[in-house]
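Report on the structure
Listed below, chain by chain, are the residues.
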Amino acid sequence: MEFENRYVAIGDSFTEGVGDPDDTRPNGVRGWADRVAEQLCASDDSWGYANFAIRGKKIKQVVAEQIEPALALKPTLVTMYAGGNDILRPQVDIDALMEEYADAVRRLRASGAQVVLFTGFDSSASSVFGKTRGRTAIYNEFVREVAEETGSVIADYWRWREFRDWRYWADDRLHMGTPGHMLMAKKVLEVLAHADSIDTPHLDERPAKTRRQELADNARWTKEFLGPWVHRRLTGRSSGDGLSPKYPELVRLT
């Protein structure tokens with residue numbers, strides 16, 4: 001099928017849709033990018049959608065593995081978020097990585113595609129990931145500079161304070177949950193000046209917890225999520241090992 005308009009999403013778990021489970025979808029997740037594509041396709045049947053994002057990917061991998069396949073589809077719209085997994089590493093040369101990032105964005109823009117870039121989330125409220133806040137701020141300045149140079153559009157995750165409400169997040173405290181992906185889809189469509197029919201996410205009330213309950217929750221989180229996450233990094237493995245892109249060819253989502 002030929003598509004006049006072609007939306008291609010590239011990146012890591014954020015764009016793949018981790019935290020928004022759906023057993024009917026490839027890789028078992030839906031996510032904000034799928035939701036954006038659904039709205040584009042619903043409003044105009046000339047839209048096709050591809051998604052190359054895979055959880056755990058770092059900037060070098062996104063550039064090496066996803067840019068050429070994305071360009072081969074001759075996209076008219078690209079969303080790109082990469083760098084979060086680099087920032088979480090014990091050591092990272094952000095300056096060097098962002099040179100590769102900038103070059104990738106230049107190539108995408110040279111194709112004629114509109115490009116949407118994301119700043120990183122302000123994790124200051126997280127007792128664990130908050131320690132990377134300074135790195136993320138530096139990363140964000142590079143993103144803004146690249147966007148200004150290339151004429152790309154910014155989806156300013158850092159300044160969207162609604163996401164500081166942890167009810168938008170999954171149990172792993174690292175990825176957005178379904179409400180977060182719904183809100184992100186609405187935010188991205190707003191950046192694109194495109195109307196949407198996505199329901200405003202419903203947030204359940206959170207009853208106050210005792211100190212004992214908080215400690216029990218933290219212990220469970222450490223065992224179920226933090227421990228395996230650290231182990232993967234120590235052993236050089238990734239949560240995305242063995243996974244393929246959700247939609248490597250253009251499809252029409254409804």
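Residues numbered from 1 in each chain as written. Predicted model: local features only at pLDDT ≥ 70, side-chain atom pairs only at ≥ 80, totals over all residues. Heavy atoms only, no water.

1. Comments concerning the sheet that holds strand β5 (residues 153-155)
Pairing is mixed in the open sheet, where 6 strands are placed in the order β5-β4-β3-β1-β2-β6. The outermost strands of the open sheet, each flanked by one partner alone, are β5 and β6 (247-251). Here the average twist between neighbouring strands, direction ignored, is 15 degrees. Bridge count for strand β1 (residues 5-11) against strand β2 (residues 47-51) is 5 bridges, and the pairing is parallel. Directly across from Arg6, in β2, lies its bridge partner Gly48. (Pairing = 2+ DSSP bridges. Helix = DSSP H or I, 4+ residues; strand = E, 2+ residues; numbered from the N terminus. Axes fitted to C-alpha atoms, helices over the stretch in contact; angles between N-to-C directions.)

2. Description of the environment of Ala125
Residue position: Ala125 is located in the loop between β4 (114-118) and α6 (133-150). Sequence separation of Ala125 and Trp166 is 41 residues, and the distance between their C-alpha atoms is 9.3 Å.

3. Observations concerning the packing of helix α3 (residues 59-72) against helix α5 (residues 94-110)
It is at 10 Å that the axes of α3 and α5 come closest, and there the two elements cross at 10 degrees. As summarised for this structure, α3 and α5 are arranged roughly parallel, according to the angle between their axes. On α5, the residues that touch Ile59, Lys60, Val63, Ile67, Glu68 and Leu71 of α3 are Leu97, Met98, Glu100, Tyr101, Ala104, Arg107 and Leu108. For the contact of α3 with α5, a count of residues per class yields 9 nonpolar, no polar and 4 charged. (Parallel < 35°, antiparallel > 145°, perpendicular 65-115°, else oblique. Contact = heavy atoms within 4.5 Å. Nonpolar A, V, L, I, M, F, W, Y, C, P; charged D, E, K, R; others polar.)

4. Remarks on α5
If you check α5, its first and last C-alpha atoms are 24 Å apart, about what 17 residues at 1.5 Å a residue would give, namely 24 Å. For α5, the full list of buried residues reads Ile94, Leu97, Met98, Tyr101, Ala102, Ala104, Val105 and Leu108. Buried residues in α5, looked at end-on, bunch into an arc of 165 degrees, giving them a common side. For α5, the exposed residues lying more than 90 degrees away from the buried face are Glu99 and Ala110. Along its buried surface, α5 packs onto β1, α3, β3 (77-81), α4 (84-87), β4 and α6. The backbone nitrogen of Asp95 lies 3.3 Å from a side-chain oxygen of the residue at the head of α5, namely Asp93. Gly112 sits one or two residues past α5 and shows a positive phi near 95 degrees. (Expected span 1.5 Å × (residues − 1). Buried < 20%, exposed > 50% of the residue type's maximum accessible area, 1.4 Å probe, protein only. Arc of directions from axis to C-beta. Polar contact = N/O pair within 3.5 Å; in protein donor to acceptor, adjacent residues only side chain to side chain.)

5. Quick look at the side chain of Asp156
Counting through the fold element by element, Asp156 comes out in the loop between β5 and α7 (178-191). We classify Asp156 as buried; its relative accessible area is 11%. One polar contact links Asp156 to Thr119, side chain to side chain, over a distance of 2.8 Å. Those residues in contact with Asp156 that sit more than four places away from it in its chain are Thr119 and Arg144.

6. Some details on the side chain of Ser152
On the secondary structure map, Ser152 appears in the loop between α6 and β5. In this structure the side chain of Ser152 is engaged in a polar contact, spanning 2.8 Å, whose partner is the side chain of Thr150. Those residues in contact with Ser152 that lie beyond four places of it in its chain are Val105, Arg109, Val115, Leu117 and Ala147.

7. As for the pairing of β1
Here β1 lies mainly inside the structure; 7 of its 7 residues are buried. On β1, burial covers both faces: Asn5, Tyr7, Ala9 and Gly11 on one face and Arg6, Val8 and Ile10 on the other are all buried. Relative to β3, β1 runs parallel, the two being bridged by 5 bridges. Bridged to Gly11 within β3 is Tyr81.

8. Focus: the packing of aromatic side chains
Under the definition given, this model contains 16 aromatic pairs. With a centroid separation of 5.6 Å and an interplanar angle of 25 degrees, the aromatic rings of Tyr81 and Phe118 are classed as stacked. Within this pair, whereas Tyr81 is found in strand β3, its partner Phe118 is found in strand β4, the two being separated by 37 residues in sequence. Both residues of the pair, Tyr81 and Phe118, belong to the buried class. Ring plane angle 45 degrees and centroid distance 4.8 Å describe the contact between Phe121 and Trp169, whose orientation is recorded as tilted. One end of the pair, Phe121, is in the loop between β4 and α6; the other, Trp169, is in the loop between β5 and α7, and 48 residues separate them in sequence. For Phe121, a relative accessible area of 12% puts it in the buried group. Among the aromatic side chains, those forming a connected cluster through ring pairs are Phe14, Trp32, Tyr81, Phe118, Phe121, Tyr157, Phe163, Trp166, Tyr168 and Trp169. (Phe/Tyr/Trp six-rings, centres within 6.5 Å; stacked < 30°, edge-to-face > 60°.)

The analysis is restricted to geometry; functional conclusions fall outside its scope.
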